[in-house]
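Given next are the chains, with one letter for each unit.
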Amino acid sequence: MSVLNYGVRMNSYGFAILASVSLLALEPALAQGQDAGPVQNRSTSPTVLKPIVIRGARDGKPATATIGQPAADFSGGQVSTEARLGALGNRPIKDTPFSITAYTAKLIRDQQARTVADITLNDPSVRADAPPFSERDSFLIRGFPVVNLDIFYDGLPYIANPRRHFLEGIEQVQVLKGPSNFVNGGIGRVGGTINLIPKRAADEPLTRLTTGYRSDSQLWTHADVGRRFGEGDEWGIRANGSFRGGETTLDHNDTRIGVASLGIDYHGEDFRASLDLSHSTQKLDSPTSLFNTAAVDTILPTIPNAPSGRINTGAPFEYHDSSYNMAAGRIEYDILESTTLYAAAGASLYREDFLTSSYEITNSNGDAKLNFGYNPQEIVSYVGETGIRSKFETGEIDHSLSISAQTAYTENNRAHINPRPAALRFPPDIPTNIYNPTYISSTLVNTAGLPRSGDVHRFSQLSATSFSIADTLSFFDETLEVTLGGRYQNVRQQGFNQRPGNPLAPVGARNYVYDKSRFSPAVAANFKLSGDLSAYANYVEALTEGAIAPAAAINNAGQVFPPFVNKQKEIGLKYDVGSMILTAALFEIRQASGFTKDNTFDVNGLQINRGLELTAYGEPTDGLRLLGGVTFMDAELAKTAGGTFDGKDAPGVPKASISLYGEYDLPWLEDVTLNGRVVYSGSTYYNQNNTQKVDGWTRVDLGARYKFERENGKAVELRANVENVFNENYWASSARGFLAAGAARTFMVSASFDF
């Protein structure tokens, strides 16, 4: 059986298994520092240089290791003290010259988060731009889109679920803001990168059963089991399995979601390895579409108010069914006490079948025209990387050296059909209204005889191969750290015709090819102004696929351009006050694009996002925990075709965003905690001309939990949360030319039992 198809089969209400396995690293020896020998007189003997000294291990594993238990949580338990910086390995967050946060499993449980979008809402610079009842997560980070396909799994690109990755088997959700080509490789992710860290078996045995309810009638069961075994507990296993099903708060919308994991990990004296297996299925009745739009401003001068979060324009017979399987492995070997060789590889297979509709709003009364979409597809991805990390000293300078190579391949396969409604003989432009929808009969949308996701062919292929090198030089007893390096990357992308009926372009024929390379430099520095206060700065890049000059560019039609280079400059402060960390970051990201001018296509387009981020997290006083911040953003269309929109605000990006979450342990009621969250996004523009304004919105969430121990000393936790307490109706996103309505008020309760 193929490694991509190992998953457990699941019927429409069946139980699915999410498998995720990882290996822990312990027992490395502490490196012993050596004093430098004296420098002798030049006239009598050669100069004796200070020897290279290998630095020691920390926290029970080499400083160059990544496999193992996550680092300790920061005060309050909501954020970790360390995060993964791609090829650079694990780094302390407060000493890292980048904006990065690692949300913990404790926060995931306490907020009853189900998906990545649920947990990243705690960051004011991250907003979901896909509807909550669609089949996918998608994000804006620092004002630029990051799709779920670009999420990393344990540091590997393209193998996380390309639509929606569920959190039952996830230990941490890490958010790195800003371009990440330097540390992670791959293309895109101009605004940032999300990395998912799978759960590991801890030293203490774990058996936890959680049952829950989510309105309107969703029931959820989740089992989480972890054990270590072997003579020295060198082997570990972590298993997670869950099923959630029932009606949501959206009309006609019903979900059946199965997730499963099985984890095995091993750590020896100088060798560690991990294996992660993941499987999920998602079956949705009447999901909402990502692709809801509004007509141009000459037809629709004003965007109408958002409908109730309960109203669904999708017909009851619409569906989206998907399955996902993934396997990933990682090994590390310490050739010296602080020099580690590593290798990792992963593969994933995703398939989806769907019949869904999307609308275009045509007037201020909410009238719209609706069209159906049907286009089954399969996404196959493979990735591998290898490298070396080493910590050593040369004289008075400490080094953290990283050298790596990575190759990634992802293929999108689709059916040989023309997905337009007319070609599928679906009725086009069906009249409806976003406030009072009309539904047609399922007999008018006949999918009999159409291909499914098991009958698909090549549509696009992307391969990215890269080599990186970086050295972090530490001066004056780690007072100043400077990181220098870069990544050389080749990007190759191909497209293939899927639409029959064109004699000049046979089905399956290659109709697009792009193959270019570039070296991206990077520099970053962190300076400790005092023991608690650090200042940092960085310059990093992200690559997006370059363009091929179109036929309309008479002077250079067909010219292939190098990858577009998107550049960030950032400066910031991090202040550790002991039980709280306060951060401030100023950044500028320049995103390049191309258009034709005077019959010549060139890289003329430019969007500039400038922002200020202020964040805080920790436990400022016993029993009070805070997490969140505010982001101020100026996203400008600096250079556009013909100068038409120069100086306008970039669509979909709010001027201000706030996310603030807090918890308070009641002093007069032992073991009871109240929590609340306020999420605010300012108004945006839907179109480039800035004439169609979308109102800002505020969402308030409230909750409580109660934790106690049974007579056998095992914990029980009861949680209750309400999202969107005031049942606000709002457009949660207007990015990428799409409108996404927010969810209605939602109740959640759960009970967790440790055995």
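Residues numbered from 1 in each chain as written. Predicted model: local features only at pLDDT ≥ 70, side-chain atom pairs only at ≥ 80, totals over all residues. Heavy atoms only, no water.

**Q** Would you mind showing me how to read the overall build of the protein here?
**A** Check the secondary structure of the protein and you find four helices and 42 strands. The C-alpha atoms of the protein give a radius of gyration of 26 Å, which matches the 27 Å a tight globule of 755 residues would have. A principal-axis box enclosing the C-alpha atoms of the protein has dimensions of 95 × 75 × 50 Å. When each of the 755 residues of the protein is scored for burial, the buried share is 57%. Taking the contacts inside the protein whose residues are at least 6 apart along the sequence as the reference set, 69% of them involve residues at least 24 apart. With the model as given, the accessible surface of the protein reaches about 29,900 Å², and the carbon-plus-sulfur share is 56%. With 68 positive and 81 negative side-chain charges, the protein shows a spacing of 5 Å between the two charge centroids. (Helix = DSSP H or I, 4+ residues; strand = E, 2+ residues; numbered from the N terminus. Rg over C-alpha atoms; globule rule 2.2 N^0.38 Å. Buried < 20%, exposed > 50% of the residue type's maximum accessible area, 1.4 Å probe, protein only. Contact = heavy atoms within 4.5 Å. Areas by Shrake-Rupley, 256 points an atom, 1.4 Å probe, with all protein chains shown as cover. Lys, Arg positive; Asp, Glu negative; His and termini not counted. Charge placed at Lys NZ, Arg CZ, Asp CG, Glu CD.)

**Q** Is there a simple way to explain the environment of asparagine 724 in this structure?
**A** Among the structural elements, asparagine 724 can be located in the loop between β39 (715-723) and β40 (731-733). Distance from asparagine 724 to threonine 746, taken between C-alpha atoms, is 6.7 Å for residues 22 residues apart in sequence. Discounting residues that sit within four places of it in the chain, asparagine 724 has contacts with Arg699, Val700, Asp701, Tyr730, Ala743, Ala744 and Arg745.

**Q** I tried to follow the pairing of strand β11 (residues 170-177) on my own but got confused; where do I start?
**A** Across a regular strand the side chains alternate sides, sitting on one face of the sheet and then on the other. Within β11, eight of the eight residues are buried, leaving the element largely enclosed by the surrounding structure. Of the pairings in the sheet, the one linking strand β5 (residues 99-104) to β11 comprises six bridges and is antiparallel in character. Paired with isoleucine 100 across the strands is leucine 176, a residue of β11. (Pairing = 2+ DSSP bridges.)

**Q** Hey, could you run me through the packing of aromatic side chains in this one?
**A** Aromatic rings in a pair are described by how distant their centres are and how their planes are angled relative to each other. Inspection of every chain in the model, using the stated rule, returns 10 aromatic pairs. Seen from their ring centres, tyrosine 266 and phenylalanine 271 are 6.3 Å apart, and the 45° between their planes marks the pair as tilted. Ring geometry for phenylalanine 291 against phenylalanine 738: centres 5.2 Å apart, planes inclined by 85°, an arrangement best described as edge-to-face. Linking phenylalanine 291 in the loop between β17 (271-285) and β18 (293-294) with phenylalanine 738 in the loop between β40 and β41 (740-741), this pair joins segments that are 447 residues apart in sequence. When its relative accessible area of 18% is taken as the criterion, phenylalanine 738 is described as buried. Through a chain of ring-to-ring contacts, the aromatic side chains of Trp235, Tyr266 and Phe271 assemble into a single cluster. Its end group placed over the ring of tyrosine 536, lysine 574 keeps NZ or CZ at 5.2 Å from the ring centre. (Phe/Tyr/Trp six-rings, centres within 6.5 Å; stacked < 30°, edge-to-face > 60°. Lys NZ or Arg CZ within 6 Å of the ring centre and 35° of its normal.)

**Q** Help me understand the side chain of asparagine 687 in this model?
**A** Tracing the sequence through the fold places asparagine 687 in the loop between β36 (684-685) and β37 (693-694). On the basis of relative accessible area, asparagine 687 is assigned to the buried category, the value being 11%. For asparagine 687, the side chain forms a polar contact with the main-chain nitrogen of glutamine 692, separated by 3.1 Å. Residues contacting asparagine 687, with those up to four places away along its chain left out, are Asp297, Pro651 and Gln692. (Polar contact = N/O pair within 3.5 Å; in protein donor to acceptor, adjacent residues only side chain to side chain.)

**Q** Could you clarify how one ought to interpret the side chain of aspartate 224 in this entry?
**A** For aspartate 224, the location among the structural elements is in strand β14 (residues 218-229). Among residues more than four places away in sequence, those in contact with aspartate 224 are Lys199, Leu206, Thr207, Arg208, Arg238, Ala239 and Asn240.

**Q** Teacher, can you tell me more about the sheet that holds strand β7 (residues 138-141) here?
**A** Note: strands within a sheet are paired through backbone hydrogen bonds, in either parallel or antiparallel orientation. Strand order in the open sheet formed by three strands is β6-β7-β8, and the pairing between neighbours is antiparallel. In this open sheet, the two edge strands, each paired with only one partner strand, are β6 (126-128) and β8 (144-147). Neighbour to neighbour, the strand axes of the sheet diverge by 30° on average, direction disregarded. As paired elements, β6 and β7 share three bridges and run antiparallel to each other. By the bridge assignment, arginine 127 is partnered in β7 with leucine 140. (Axes fitted to C-alpha atoms, helices over the stretch in contact; angles between N-to-C directions.)

**Q** Would you explain the environment of alanine 448 in this entry?
**A** Following the sequence through the fold, alanine 448 ends up in the loop between β24 (430-433) and β25 (457-475). Looking at alanine 448, the relative accessible area reads 61%, which means it is exposed. A sequence separation of 371 residues divides alanine 448 from glycine 77, and the C-alpha atoms of the two residues are 53 Å apart.

**Q** What exactly am I supposed to notice about unusual backbone geometry here?
**A** Trans peptide bonds make up most of the peptide bonds, and negative phi angles are found at most residues other than glycine. Across the junction of serine 215 and aspartate 216, the peptide omega takes the value 10°, indicating a cis bond. In this structure, aspartate 216 sits in the loop between β13 (206-214) and β14. Positive phi, close to 50°, is recorded for aspartate 429, a residue that is not glycine. Among the secondary structure elements, aspartate 429 is positioned in the loop between α4 (421-424) and β24. Judged by its relative accessible area of 42%, aspartate 429 falls in the partly exposed class. Its identity as a non-glycine residue notwithstanding, aspartate 477 has a phi of 55°, on the positive side.

**Q** Would you mind going over the pattern of salt bridges with me for this structure?
**A** Side-chain pairing between opposite charges can occur once the charged atoms of the two side chains come close. Here the structure, examined in full by the defined rule, presents 46 salt bridges. Put simply, aspartate 224 and lysine 199 hold a salt bridge, and the shortest N to O gap is 3.0 Å. With aspartate 224 in strand β14 and lysine 199 in the loop between β12 (192-198) and β13, this pair connects stretches of sequence that are 25 residues apart. The same class applies to aspartate 224 as to lysine 199, namely buried. We note a salt bridge from aspartate 515 to arginine 492, for which the minimum N-O separation is 3.0 Å. Taken as a pair, aspartate 515 in strand β27 (residues 510-528) and arginine 492 in strand β26 (residues 480-496) lie far apart in primary sequence, 23 residues in all. For aspartate 515, a relative accessible area of 38% corresponds to the partly exposed category. Through salt bridges with shared partners, a single ionic network connects Lys106, Asp110, Glu619, Arg625, Glu663, Asp665, Arg705, Glu717 and Arg719. (Salt bridge = Lys/Arg side-chain N within 4 Å of Asp/Glu carboxyl O.)

**Q** Quick question: what am I supposed to make of a nonpolar patch on the surface here?
**A** On the surface, a nonpolar cluster with roughly 510 Å² of combined accessible area is contributed by Phe271, Ile331, Tyr333, Ile335, Leu336 and Leu341. Sort the elements by how many residues they give to the nonpolar patch and strand β19 (residues 319-336) lands first, with four residues. Residue placement: tyrosine 333 occurs in strand β19. (Patch = residues over 30% accessible without salt bridge, like charges linked within 9 Å, V, L, I, M, F, W, Y side chains within 5 Å.)

**Q** What is the right way to read the pairing of strand β34 (residues 656-665) from this model?
**A** Strand direction decides the pairing type here: strand β32 (residues 624-639) and β34, joined by nine bridges, are antiparallel. Each bridged residue has a counterpart across the sheet, and for phenylalanine 632 the counterpart in β34 is alanine 656. Where β34 and strand β35 (residues 672-681) come together, nine bridges link them in antiparallel fashion. Its bridge partner lying in β35, aspartate 665 is registered against threonine 673. Hairpin connection, β34 to β35: the antiparallel pair is bridged by six residues, and aspartate 671 has positive phi, about 70°.

**Q** Would you take a moment to explain the sheet that holds β12 for this structure?
**A** Sheet architecture is open: five strands sit in the order β5-β11-β12-β9-β10, paired in mixed fashion. On the outer flanks of this sheet lie β5 and β10 (156-157), each paired with one strand and no other. Where strand β9 (residues 152-153) meets β12, two bridges bridge the pair, whose relative direction is parallel. Within β12, the residue paired with phenylalanine 152 across the bridge is asparagine 195.

**Q** What's the story with the environment of threonine 281 in this structure? I'm lost.
**A** Position of threonine 281 relative to the elements: it lies in strand β17. Along the sequence, threonine 281 and aspartate 321 sit 40 residues apart, while their C-alpha atoms lie 7.6 Å from each other.

Just geometry here; none of it tells us what the structure is for.
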